[in-house]
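Chain by chain, the residues run as shown.
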Amino acid sequence: MIKKRKTKGAGTAVANPLDQFIIKTILPINVGNVDASFTNSSLLMVIAVAVVTLFLTRSMRERKLVPGRWQSVAELTYQFVGNMVRTNAGSGGKPYFPFIFSLFMFILMGNMLGMIPYSFTFTSHIIVTLAMALMVFIGTTVVAFAKHGVKFFSFFLPHGTPWYIAPVLVPIEILSYFTRPVSLSLRLFANLTAGHTLLKVFTGFVFAMGLAGVIPLAASVALTGLEFLLAFLQAYVFAVLSCIYLHDALHMH
Amino acid sequence: MPQFDPAVWSPQLVWLAITFVALYLLMSRVALPRIGDILEERETRIARNLEKAETLKAKVDEAVATYEQRMADARARAQETLRQARDAAADEAARRHAELGAELSRRIGEGEARIAEAQAEAAAGVRDIAVDVAAGAAQRLLGGRIDRKGVTAATEAVLAETG
């Protein structure tokens, strides 16, 4: 069933560094006109959900008052995201905690599972990151309108602004508001894509350079460490920025 | 780049929606409430135990204060008892001392009286003997009847003279 796209360089040691981002259909599904095929990306998404759910439910199975190792990690994760929501979204952010938590874990798992060789990084696809960013953007905008009504428009004119600056400031504020989903999605997509491409490029050099290949090998080892850091950091940044947007929606500036 | 091929967008969007909604439901309905519950339970348990420890500490402080108070009372009472005993003993000693002194001085008085009596008796004896001796001597020398009264007077006069 696996439909592999033949690429140049396949079979040789040096593969195209962008091949890792190719979507491979595992099970073609069509719902009406919509292509809903189960792909390698879908597989990793399902695995991410399964891993997060299993980790959190299995580790909390014993519900010990004095936690063991696994339970400690689960509780730490909970408190880590809980503190993030509390400090960045402020009061009233609690109902959105499960959403932020799911978002953070989903991206973190996507990034981390992507570090496994021959797997796939679904967070390196702009359509995925853009969809998540738009979900946050539209969600926070809806929350803002539900909470403040038309007063939400005053968000674009910060308090104490002199009237003569308003014609300049309001367009800037509106522009900055609408670039939020773009920057949010591009940051994650670009970081993951660039990091993984760089990793592939360096490892490609290892075989191409013969004995001197130890140099790119060392570099790729270091880069792998950096990628793990990035995998966590980008998930964190995405979640924190979502919290901050939520804060703006709940409290306006 | 494969990312910009619009043909792969729709399956990814569909599966993103399915998996993310599934994750959100699993997290918000199952996983997170469990962790939240246990954290909350631990928090209340700790707070309750701290509270209990505080009340127990207050009780201990109270007990220590009571103990010290009782200790001080007992010490004061012991001092008092000791002082009373000492005073009583001192009184008793003084009383006995006085009694003994009185007894002794009584006996001394008695002794002295007996001595004086004996002395007087002896002195009287000596005078009688002297009178007898004087009367005997006078009879031997003078013969005949000797006036006893006169001898006695003379002897007494001589005794008084010699002391």
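Here the structure is a predicted model, which means the values were calculated and not measured.

The rules behind these values
- Residues numbered from 1 in each chain as written.
- Chains lettered and ligands numbered in written order.
- Predicted model: local features only at pLDDT ≥ 70, side-chain atom pairs only at ≥ 80, totals over all residues.
- Heavy atoms only, no water.
- Helix = DSSP H or I, 4+ residues; strand = E, 2+ residues; numbered from the N terminus.
- Contact = heavy atoms within 4.5 Å.
- Areas by Shrake-Rupley, 256 points an atom, 1.4 Å probe, with all protein chains shown as cover.
- Lys, Arg positive; Asp, Glu negative; His and termini not counted.
- Charge placed at Lys NZ, Arg CZ, Asp CG, Glu CD.
- pLDDT = per-residue confidence, 0-100.
- Core = buried A, V, L, I, M, F, W, Y, C linked by side-chain atoms within 4.5 Å.
- Buried < 20%, exposed > 50% of the residue type's maximum accessible area, 1.4 Å probe, protein only.
- Buried area = accessible area lost by both parts, 1.4 Å probe.
- Salt bridge = Lys/Arg side-chain N within 4 Å of Asp/Glu carboxyl O.
- Patch = residues over 30% accessible without salt bridge, like charges linked within 9 Å, V, L, I, M, F, W, Y side chains within 5 Å.
- 1 Å grid on protein atoms, 1.4 Å probe; cavity = no way out; pocket = protein on both sides within 12 Å on 5 of 7 lines; lining within 4 Å.
- Points joined across faces, edges and corners; volume = space filled by probe spheres on them.
- Nonpolar A, V, L, I, M, F, W, Y, C, P; charged D, E, K, R; others polar.
- Polar contact = N/O pair within 3.5 Å; in protein donor to acceptor, adjacent residues only side chain to side chain.
- Expected span 1.5 Å × (residues − 1).
- Bend = angle between axes of the 7 residues up to and from the residue.

Asker: If you had to explain the overall build of chain A to someone new, which residues and values would you point to?
Answerer: The helix and strand tally for chain A stands at 6 helices and 4 strands. Secondary structure elements of chain A, listed N to C terminal, follow the sequence β-β-β-β-α-α-α-α-α-α. Seen through its C-alpha atoms, chain A measures out along the principal axes to roughly 65 × 55 × 50 Å. A sequence separation of at least 24 residues applies to 65% of the contacts in chain A between residues at least 6 apart. With an accessible surface of roughly 13200 Å², chain A has 72% of that area assigned to carbon and sulfur atoms. The positive charge centre, built from 18 side chains, and the negative charge centre, built from 7, are 5 Å apart in chain A.

Asker: Can you explain the confidence of the model for chain B? Please cite residues and give values.
Answerer: Looking at chain B as a whole, the pLDDT averages 90, with 99% of positions reaching at least 70. Scored as a complex, the prediction yields pTM 0.73 and ipTM 0.87.

Asker: Pulling in residues and values, what's your account of the nonpolar core?
Answerer: Here is a general trend for soluble globular proteins: nonpolar side chains tend to be buried in one another's company. One finds L56, F106, M132 and F238 of chain A to be the most contacted residues of the largest nonpolar core, which totals 66 residues. The element best represented in this core is helix α3 (residues 97-113) of chain A, accounting for 11 residues. Excluding residues within four positions of it along the chain, L56 of chain A makes contact with A74 and F101 of chain A together with M27, A31 and I35 of chain B.

Asker: Explain the interface of chain A and chain B to me, and be specific about the residues and the numbers.
Answerer: In this complex, chain A contributes 48 residues to the contact, which on the side of chain B involves 33 residues. Buried area between chain A and chain B, both sides added, is near 3700 Å², and the carbon and sulfur share of it is 77%. Counting the surface chain A buries against chain B, the share from its top three residues, L65, Y78 and I127 of chain A, is 18%. The partner of R42 of chain B in a salt bridge is E75 of chain A, with the nearest N and O atoms 2.7 Å apart.

Asker: Go over the confidence of the model for chain A, please, and point to the residues and values.
Answerer: All names here are of chain A. Looking at chain A as a whole, the pLDDT averages 88, with 94% of positions reaching at least 70. Looking at the elements of chain A, mean pLDDT is at its lowest for strand β2 (residues 30-31), recorded as 87, and at its highest for α3, recorded as 96. Residue range residues 1-13 is modelled with pLDDT below 50. Its contacts to residues more than four positions away, or to other chains, number 18 contacts.

Asker: Residues and numbers for unusual backbone geometry, please.
Answerer: Residues and elements named next belong to chain A. Although it is not a glycine, R63 sits at a positive phi angle of roughly 45°. Following the sequence through the fold, R63 ends up in the loop between α1 (40-59) and α2 (69-89). In the Ramachandran plot, Y118 falls in the positive-phi region, its phi being about 70° despite a non-glycine side chain. Inspection of the secondary structure puts Y118 in the loop between α3 and α4 (126-148).

Asker: Help me get a handle on a negative patch on the surface, residues and values and all.
Answerer: Residues and elements named next belong to chain B. Among the surface-exposed residues, D37, E40, E41 and E43 lie close enough to one another that they form a single negatively charged patch. You can see E43 is positioned in helix α1 (residues 9-142). Given a relative accessible area of 60%, E43 falls into the exposed group.

Asker: Just give me the short version of the layout of surface pockets, but keep the residues and values in it.
Answerer: Residue and element names in this part refer to chain A. Considered as a void within the structure, the second largest pocket measures approximately 260 Å³ in volume. Around the second largest pocket, the lining residues are Y78, Q79, G82, N83, V85, R86, G90, S91, G92, G93, K94 and F97. If one sorts the elements of the lining of the second largest pocket by residue count, α2 sits on top with 6 residues. Split by residue class, the lining of the second largest pocket holds 3 nonpolar, 7 polar and 2 charged.

Asker: Outline the environment of V206 of chain A, supporting the account with residue identities and numerical values.
Answerer: Residue and element names in this part refer to chain A. Note on placement: V206 falls in helix α5 (residues 166-208). Residue V206 is classed as buried on the basis of its relative accessible area, which comes to 16%. Separated by 10 residues in the primary sequence, V206 and P216 have C-alpha atoms spaced 5.7 Å apart. Beyond its immediate sequence surroundings of up to four residues, V206 is in contact with G213, P216 and L217.

Asker: Pulling in residues and values, what's your account of the side chain of H125 of chain A?
Answerer: Topologically, H125 of chain A is positioned in the loop between α3 and α4. One polar contact links the side chain of H125 of chain A to the main-chain carbonyl oxygen of F21 of chain A, over a distance of 2.8 Å. A polar contact is formed between the side chain of H125 of chain A and the side chain of Q12 of chain B, at a distance of 3.0 Å.

Asker: How would you sum up α1 of chain B? Please name residues and give values.
Answerer: Residue and element names in this part refer to chain B. With 134 residues, α1 should cover 200 Å at 1.5 Å per step; its first-to-last C-alpha distance of 189 Å lies within 8% of that length. At M27, α1 shows its largest kink, close to 45°. Backbone geometry just downstream of α1 places G143 in the positive-phi region, at approximately 70°.

Asker: So, the pattern of salt bridges: which residues are in play, and what are the values?
Answerer: Under the counting rule described, the total for this entry stands at 13 salt bridges over all chains. The residue E62 of chain A makes a salt bridge to K64 of chain A at a minimum N-O spacing of 3.3 Å. With a shortest N-O distance of 3.0 Å, E80 of chain B and R83 of chain B are connected by a salt bridge. Here R83 of chain B and E80 of chain B lie together in helix α1, a separation of 3 residues that amounts to about one turn. By relative accessible area, E80 of chain B is classed as partly exposed at 34%. Overall, R83 of chain B belongs to the partly exposed group, its relative accessible area being 37%. In the salt-bridge network here, residues are joined through shared partners; they are E92, R95, R96 and E99 of chain B.

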